[in-house]
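As a plain string of letters, each chain reads:
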Protein chains: 2
Amino acid sequence: MAYDGVETPHGKVDRMLGGAATYIGLAASYFAPVKIVAVVGDDFAPEDVDLLAAKGIGLEGLERVPGKTFFWAGKYSPDMNDRETLRTDLNVFADFQPKLPESYRAAPYLLLGNIQPALQHSVREQMNGLHLAGGDTMNYWIRDYRAELLETLRDWDFLLINDSEARMLSGEYNLRRAAAAILHMGPRVLVVKRGEYGAILFTGDRHFIAPGYLLEDVFDPTGAGDCFAGGFIGYLAERGVNPRAAAVDLQEWRRAVIYGSVMGSFCCEQFGVDRFRTLTRDEVEKRYREFKACTDF
Amino acid sequence: MAYDGVETPHGKVDRMLGGAATYIGLAASYFAPVKIVAVVGDDFAPEDVDLLAAKGIGLEGLERVPGKTFFWAGKYSPDMNDRETLRTDLNVFADFQPKLPESYRAAPYLLLGNIQPALQHSVREQMNGLHLAGGDTMNYWIRDYRAELLETLRDWDFLLINDSEARMLSGEYNLRRAAAAILHMGPRVLVVKRGEYGAILFTGDRHFIAPGYLLEDVFDPTGAGDCFAGGFIGYLAERGVNPRAAAVDLQEWRRAVIYGSVMGSFCCEQFGVDRFRTLTRDEVEKRYREFKACTDF
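Presented here is an overview of the structure given in this document. Worth saying up front: this structure is predicted, and the values here are computed from it rather than measured.

The next thing to look at is the overall build of chain A. When helices and strands are counted, chain A shows 11 helices and 12 strands. In summary, chain A has a C-alpha radius of gyration of 18 Å against a globular reference of 19 Å for 297 residues, a match within 12%. Across its three principal directions, the C-alpha atoms of chain A cover 50 × 45 × 35 Å. Contacts spanning at least 24 positions in sequence make up 63% of the contacts within chain A whose residues lie at least 6 apart. Of the roughly 12,200 Å² of accessible surface on chain A, 50% is carried by carbon and sulfur atoms.

Below, the structure is given as structure tokens:
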């Protein structure tokens, strides 16, 4: 969990609630009960806790320690397809060792946000009744922590990364070849996120191409990838998908990708987490139906 | 019609058959009878004429004049998403004034390749029984021939352009806003091509998002956009779509976009027009079904 400073062509916010756990948790909370494991400093605002609590998000695993909350600042390019990082202050996050409360350990669904692979691995090891586990990673871990990352990935059911990360991880430019290589690293499901262009789901030798939702206004793309992850795992949890017990209907993975895209698209409509202050499940369902209407032929 | 020199990460060809009319004609020939209007020099090879004739393409409107055929050379970036033009020799194309043979004038379908808007307009004016007319343009005409282009577009039923051209033509970055502006310029149908990411069809206040087909190997993207146009108009012609006589089922436009994507995807599988030497309609139908299988949810 973090505070972010963000500048887009639509405006500038010096400090607002952010972080992968925040976005993933908010998006997933529309589908299933969520519990967060994260660390914040003593500057973390009560109203930010209140927002998460109001969505029913469990915060027993939210560690508060003396010091400042992780801070990131970035500025988007005029077309918002690129961003420049202006500042990264790890603060209390530097010494974070996630410890799951006892009440979390039997949860059936685990989404590991983008942190050091060894920490992701340690969280995975603390769980004892998983139906489904997976997560995200990034270029930094792929390049500089490769062995640790590969060791971690071996136990995951799914991996969610963007196209350039998939290329870096696999060493293949072509996405079909990249996916084939990654599916040999452990995960049986790979989702390659392509920003505004949507996502591709790879399952064995099949794939599903989901276009991005065409927004009328994109105010701030920060958190969209994490909201995708939240919608994806949230839908699978709501449906009780459990590949350890029974073969999963491919359509369920596909629908999870669409719900991920839906949640990512809402995220971009306002700055930071603001869209989730008012978003309803009815609006989520309406956009899912719009997705269907816009892609049917 | 042209000769192209192309270098991609997969190889280099110094001189091969190319040009918008060639690619559009070849792709459309899988769906409906095609007649080409174009100019070539006296260097135009008999075997290139033979390839077109073997596909049943009418060449009465192929003008041969003393001099050399238009020549273009370019080099693609390692990821093949960008290309640099190395040479453009207009040659006999510089004085081209397209004149339709009498036998062409009553054809019901017209696809105008990317040439000077006034020439496109003059071709349109020579037709006398159109069901459907439209075409392509590019940044150069949008920037430096804007008034002439706007005058030309007014009579078109559809416009096929890529995303950066749509932004330049409309002055809007957001594609939904760009499309709304362009649909006020004349065409009732706009197709925005997005390269490997597919295409978006805008019809009134509805849109259809088609993802790109995920190729295992992309050898040479040259001509893919023109093959998209050929598949698009070819399918509409095969189906006898005629908005002047009756409202068009939206699904027909959508299927035309998918057939366009199918033809564009085949084009990339080999250098230049080579894929069309062996491609069959059965393969086209198989890929259409794959598109459906890869996008259904």
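Having seen the structure, we can now continue with the description.
A separate point is the nonpolar core. Among the nonpolar cores identified, the biggest contains 64 residues, and Met1(A), Val191(A), Phe232(A), Val257(A), Met263(A) and Val284(A) are the most heavily contacted of them. Among residues more than four places away in sequence, those in contact with Val191(A) are Leu159(A), Leu160(A), Ile161(A), Ala199(A), Ile200(A), Leu201(A), Phe228(A), Phe232(A) and Val257(A). Grouped together as the second largest cluster of nonpolar side chains are 63 residues, Val40(B), Leu62(B), Phe158(B) and Ile233(B) included.

Summed over the entire model, instances satisfying the criterion amount to 32 aromatic pairs over all chains. Centroid distance Phe70(A) to Phe93(A): 5.5 Å. Interplanar angle 80 degrees. Geometry classified as edge-to-face. Here Phe70(A) is found in strand β5 (residues 70–76), whereas its partner Phe93(A) is found in the loop between β6 (83–89) and β7 (109–112), with 23 residues between them in sequence. Residue Phe70(A) is classed as buried on the basis of its relative accessible area, which comes to 18%. Phe93(A) sits in the partly exposed class, given a relative accessible area of 24%. Ring centres of Tyr235(B) and Tyr259(B) lie 4.9 Å apart, and the angle between their planes is 15 degrees; this geometry places the pair in the stacked category. A residue pair is termed long-range when its members are at least 10 positions apart, and Tyr235(B) in helix α8 (residues 224–238) and Tyr259(B) in helix α9 (residues 250–267) qualify at 24 residues. An identical accessibility class is assigned to Tyr235(B) and Tyr259(B); each is buried. A connected cluster of aromatic rings, assembled from ring pairs, spans Phe31(A), Phe208(A), Tyr235(A), Tyr259(A), Tyr288(A) and Phe297(B).

The next point concerns the sheet that holds strand β11 (residues 199–203) of chain A. Residues and elements named next belong to chain A. Strand order in the open sheet formed by six strands is β7-β8-β9-β10-β11-β12, with mixed pairing between adjacent strands. Of all the strands in the sheet, just β7 and β12 (206–210) have a single pairing partner and so form its edges. Within the sheet, the average angular offset between the axes of one strand and its neighbour, ignoring direction, is 15 degrees. Summarising the sheet, β7 and strand β8 (residues 132–136) pair through four bridges and their orientation is parallel.

About the criteria used
Position numbers for residues start from 1 in each chain and track the written sequence from start to end. Chains carry letters and ligands carry numbers; both start at the beginning, A for chains and 1 for ligands, and go up in the order they are written. Where totals are concerned, whole chains, interfaces and linings use all residues; where local detail is concerned, this predicted model gives features only for residues with pLDDT of at least 70, and gives and counts side-chain atom pairs only at 80 or more. Only heavy atoms go into the side-chain values, all of them from the structure, while hydrogens and water stay out. Only runs of H or I of at least four residues qualify as helices and only runs of E of at least two qualify as strands under DSSP, and these elements are numbered from the N terminus. Put simply, the radius of gyration uses C-alpha atoms, and a globule should come to 2.2 Å times the residue count raised to 0.38. Note on contacts: a residue pair is in contact if any heavy atoms of the two residues lie within 4.5 Å. We get accessible surface area from the Shrake-Rupley algorithm with a probe of 1.4 Å; when it comes to residues, only the shown protein chains can shield them. To define a nonpolar core, start from buried Ala, Val, Leu, Ile, Met, Phe, Trp, Tyr and Cys residues and group those joined through side-chain atoms within 4.5 Å. Remark: exposure states derive from per-residue accessible area (1.4 Å probe, protein chains only) relative to the maximum for the residue type, with buried under 20%, exposed over 50%, and partly exposed in between. Two rings from Phe, Tyr or Trp (for Trp, the six-membered ring) form a pair when their centres are within 6.5 Å of each other. A pair whose planes differ by under 30 degrees is stacked, one over 60 is edge-to-face, and the rest are tilted. One bridge is not enough; two strands pair if DSSP finds at least two bridges between them. All axes here are fitted lines through C-alpha atoms, helices being fitted over the stretch that makes contact, and every angle between N-to-C directions spans 0 to 180 degrees.

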